Amino acid sequence: MPRIFVNALANFAVQGGMVSFTLQDRRGPTGQGQVPPPEDVADITMTEAEFVQMLTVFEQNRQGFEQQMGRPLGAAQPGMAPKAPGPAPTNRAGGMKIRPKA
């Protein structure tokens, strides 16, 4: 069964009017404390026009998020400690759900 949570992006490339990238899921440490390598969830390839359409949708949702939360996306929340450098993010935060087309 494929994983459906996405919290990483790799292999971003723009070539000849086509945009491609890989969505990945980074799992948390195992019982032995080792962090397994990221798992590819989906390889995406789209035209430049489709990429612009996707960015437009993201921008609209970013504005909605900021209005609802009352702060800029990615800004530290009150009471949150600054993020220290460390291991790769894990899926504890949930990531983004990818749903197949119906």
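Bear in mind the structure is a predicted one, so any value in this text is a computation, not a measurement.

Asks: Give me the lowdown on the overall build of the chain, citing residues and values where you can.
Replies: What the chain contains, in helices and strands, is 1 helix and 5 strands. Secondary structure elements of the chain occur, N-terminal to C-terminal, as β-β-β-β-α-β. Counting over 102 residues, the chain shows a buried share of 14%. Taking as baseline every contact in the chain between residues at least 6 positions apart, the subset at least 24 positions apart corresponds to 42%. Accessible surface, the chain: about 8100 Å² in total, of which carbon and sulfur atoms supply 57%.

Asks: I'd like to hear about the sheet that holds strand E3 (residues 18-25), residue by residue, with values.
Replies: If you walk across this open sheet you meet the 3 strands as E2-E3-E4, and the pairing is antiparallel. The open sheet has two edge strands, strand E2 (8-15) and strand E4 (39-47), and neither has a second partner. Between one strand and the next, the sheet's axes are offset by a mean angle of 15°, whatever the strand orientation. Pairing analysis gives 6 bridges linking E2 to E3, with the strands arranged antiparallel. Paired with Ala8 across the strands is Gln24, a residue of E3. Along the sheet, helix H1 (residues 48-69) contacts E2, E3 and E4; its crossing angle with E4, the most-contacted strand, is approximately 115°.

Asks: Describe the packing of aromatic side chains, and please don't skip the residues or the numbers.
Replies: Aromatic ring pairs are defined here through the distance separating the ring centres and the angle between the ring planes. Throughout the structure, instances matching the rule amount to 2 aromatic pairs. Ring geometry for Phe12 against Phe21: centres 6.1 Å apart, planes inclined by 20°, an arrangement best described as stacked. For Phe12, a relative accessible area of 44% translates into the label partly exposed. Residue classification places Phe21 among the buried positions, given a relative accessible area of 7%. Aromatic side chains Phe12 and Phe51 sit 5.8 Å apart centroid to centroid with 50° between the ring planes, which places their arrangement in the tilted category. Of this pair, Phe12 sits in strand E2 while Phe51 sits in helix H1, and the two are 39 residues apart along the sequence.

Criteria and thresholds
- Residue numbers run consecutively from 1 along every chain, following the written order of its sequence.
- Only residues with pLDDT of 70 or above have their local features reported here, since the model is predicted, and side-chain atom pairs are shown and tallied only from 80 upward, although totals for entire chains, interfaces and linings are computed over all residues.
- Only hydrogens and water are set aside when side-chain values are computed; all heavy atoms of the structure are taken into account.
- Starting at the N terminus, helices and strands are each numbered in turn, a helix being any DSSP run of H or I of at least four residues and a strand any DSSP run of E of at least two.
- Relative accessibility thresholds used throughout: buried, under 20% of the residue-type maximum; exposed, over 50%; partly exposed, between the two (1.4 Å probe, protein chains only).
- In this description, contact between two residues means that some pair of their heavy atoms is separated by no more than 4.5 Å.
- Every accessible area reported is derived by Shrake-Rupley at a probe size of 1.4 Å, with residue values counting cover from the shown protein chains alone.
- A pair of strands is labelled paired if DSSP reports no fewer than 2 bridges between them.
- Every angle, taken between N-to-C directions, lies between 0 and 180 degrees, and every axis is a line fitted to C-alpha atoms, over only the stretch in contact when it is a helix.
- Note on aromatic contacts: the rings of Phe and Tyr and the six-membered ring of Trp form a pair at centre separations within 6.5 Å, being stacked when their planes are under 30 degrees apart, edge-to-face when over 60 apart, and tilted otherwise.

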